[in-house]
Number of protein chains: 2
Amino acid sequence: MASAASSLDALIDALRRLPGVGVKSAQRMAYHLMQHDRDGAMLLSRALGEAASHVRHCERCNTYTEAPVCSVCLDPQRDARLLCVVETPADQAALERTGSFRGLYFVLMGKLSPLDGVGLRDIGLPRLIERATDGVVEEVIVATNFTAEGEATAHVIGDALRPRGVRVTRLARGVPVGSELEYVDLGTIAHALMDRR
Amino acid sequence: MASAASSLDALIDALRRLPGVGVKSAQRMAYHLMQHDRDGAMLLSRALGEAASHVRHCERCNTYTEAPVCSVCLDPQRDARLLCVVETPADQAALERTGSFRGLYFVLMGKLSPLDGVGLRDIGLPRLIERATDGVVEEVIVATNFTAEGEATAHVIGDALRPRGVRVTRLARGVPVGSELEYVDLGTIAHALMDRR
């Protein structure tokens, strides 16, 4: 639109940098903020600036934090003998919400994906080996996703850590809580049968 | 996640102010920006700040602009005898992209919606009447959407302007270009039959 305010066009372009936001969504978001929520626009503007300049990676577990070492790693209540490896901070957040894990984490910030050029070094395998062989960690729980890439990543981590005397386990595969067998996929049922207890 | 950087949490909360963005999408957006596109985060931050503080409504047509009067209203090439009424700047943009309208616009910034408490004054009907009876405008083309609310809005605008001697027309309803009759809804076909030419 030749008539558009140029800063509105710039905003629409910038909103398209968000994942999953195309030109129509970006327009809708921009118009919504301008018409109904300018406070929200200012709030989001500040939050983006703050996060982009202050969020960094924890020196120990690699998750997002504002301090050199994150609060989980600093928590003396945590069991330092257990180290849970996850792909992303979102996965870590999901595990934390269960309230059933009291160990520490290592966040890969990705998964092995040769097709996308993501190799061992990109997912911080050398750092993970160093972290897992600090003499305190006894068990590494690999909680990467149950996708092809997540499984490959888990496999590589296991192969790297087991020869170094670290016990490596994997999250259990099985039927999700609350689901009916009839609607669960066959691979999951087969795994649940194999891993029955 | 108790361990989360607080500015990351603040960012996730702020992203949820965007329409259509829930907590999962907000997380995904925040993590994406932090991990892959900090430049994009800074860019979006600046764009939001700029737009929220500079974008305002055109004094003549009510669309978004940074100047007191928008560039369309200032364009001497435009035919001031034709005034097209649309619901939103996005609708105006769609009409502009067709390149087939050379008149001026009036943007309602909404539609009549009694259930949501949006009345005649909220959609700027008094301003539209003043604008349409300036002695220059000869025809008002009502291009509100063909929804229940858009039709009601069009009806009210027609009732308000016709007694004042303004010619009021409506966008043609009919079969969309490129569509097959078999798949067009019956109401549209009925209107296309009625308005045949």
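Residues numbered from 1 in each chain as written. Chains lettered and ligands numbered in written order. Predicted model: local features only at pLDDT ≥ 70, side-chain atom pairs only at ≥ 80, totals over all residues. Heavy atoms only, no water.

Help me understand the pattern of salt bridges in this model?
Any two side chains of opposite charge can pair if their charged atoms end up close together. Using the criterion set out here, one finds 16 salt bridges over all chains in the structure. Note that Asp134(B) and Arg131(B) form a salt bridge whose closest N and O atoms lie 3.2 Å from each other. Residue Arg131(B) is classed as buried on the basis of its relative accessible area, which comes to 8%. For Arg173(B), the salt bridge goes to Glu151(B), with nearest N and O atoms at 2.9 Å. One end of the pair, Arg173(B), is in the loop between strand S6 (167-170) and helix H8 (186-194); the other, Glu151(B), is in helix H7 (residues 148-161), with 22 residues separating them in the sequence. Among the charged side chains, a salt-bridge network with shared partners connects Glu151(A), Arg170(A) and Arg173(A). (Salt bridge = Lys/Arg side-chain N within 4 Å of Asp/Glu carboxyl O. Buried < 20%, exposed > 50% of the residue type's maximum accessible area, 1.4 Å probe, protein only. Helix = DSSP H or I, 4+ residues; strand = E, 2+ residues; numbered from the N terminus.)

Got a minute to help me understand helix H5 (residues 89-98) of chain A in this structure?
Burial runs high along H5(A): 7 of the 10 residues are buried. Every buried residue belonging to H5(A) is among Pro89(A), Ala90(A), Asp91(A), Gln92(A), Ala93(A), Leu95(A) and Glu96(A), and all of these are buried. In this structure, the buried side of H5(A) is in contact with strand S2 (64-65), helix H4 (71-74), strand S3 (79-86) and strand S4 (103-107) of chain A together with helix H2 (23-36) of chain B. Of the residues flanking the end of H5(A), it is Gly99(A), one or two places downstream, whose phi is positive at about 70 degrees. (Contact = heavy atoms within 4.5 Å.)

Whenever I open this one, the interface of chain B and chain A confuses me. Can you help?
Note on interface size: it is often stated as the accessible area lost on association of the parts. Facing the 55 residues of chain B at the interface are 55 residues of chain A. Regarding the contact of chain B and chain A, the summed buried area is about 5,000 Å², with carbon and sulfur atoms giving 65% of it. A per-residue breakdown of the area chain B buries against chain A is headed by Arg17(B), Leu48(B) and Tyr64(B), which together make up 14% of the total. On the surface where chain B and chain A come into contact, there are 2 salt bridges. In this structure, Asp37(A) and Arg17(B) form a salt bridge, with 2.9 Å as the shortest nitrogen-oxygen distance. Our count for the chain B to chain A interface comes out at 15 residue pairs in polar contact (both at pLDDT 80 or more). Counting only elements with at least two residues in the side of chain B that touches chain A, the list comes to helix H1 (6-15), H2, helix H3 (38-54), strand S2 (64-65), helix H4 (71-74) and helix H5 (89-98) of chain B. Here the side of chain B that touches chain A gets 15 residues from one element, more than from any other, and that element is H3(B). (Buried area = accessible area lost by both parts, 1.4 Å probe. Polar contact = N/O pair within 3.5 Å; in protein donor to acceptor, adjacent residues only side chain to side chain.)

Teacher, can you tell me more about the packing of aromatic side chains here?
One pair of aromatic rings is described through two measures. These are the centre distance and the angle between the planes. On inspection of all chains with the given rule, the structure shows 4 aromatic pairs over all chains. A ring pair is formed by Tyr31(A) and Tyr64(B), whose centres lie 5.8 Å apart and whose planes are at 15 degrees; its orientation type is stacked. Within this pair, whereas Tyr31(A) is found in helix H2 (residues 23-36), its partner Tyr64(B) is found in strand S2, the two belonging to separate chains. Given a relative accessible area of 10%, Tyr31(A) falls into the buried group. Between the aromatic rings of Phe101(B) and Tyr105(B), the centroid separation amounts to 5.2 Å while the plane-to-plane angle is 65 degrees, which identifies the pairing as edge-to-face. By relative accessible area, Tyr105(B) is classed as buried at 0%. (Phe/Tyr/Trp six-rings, centres within 6.5 Å; stacked < 30°, edge-to-face > 60°.)

Taken by themselves, the reported measurements are silent on function.
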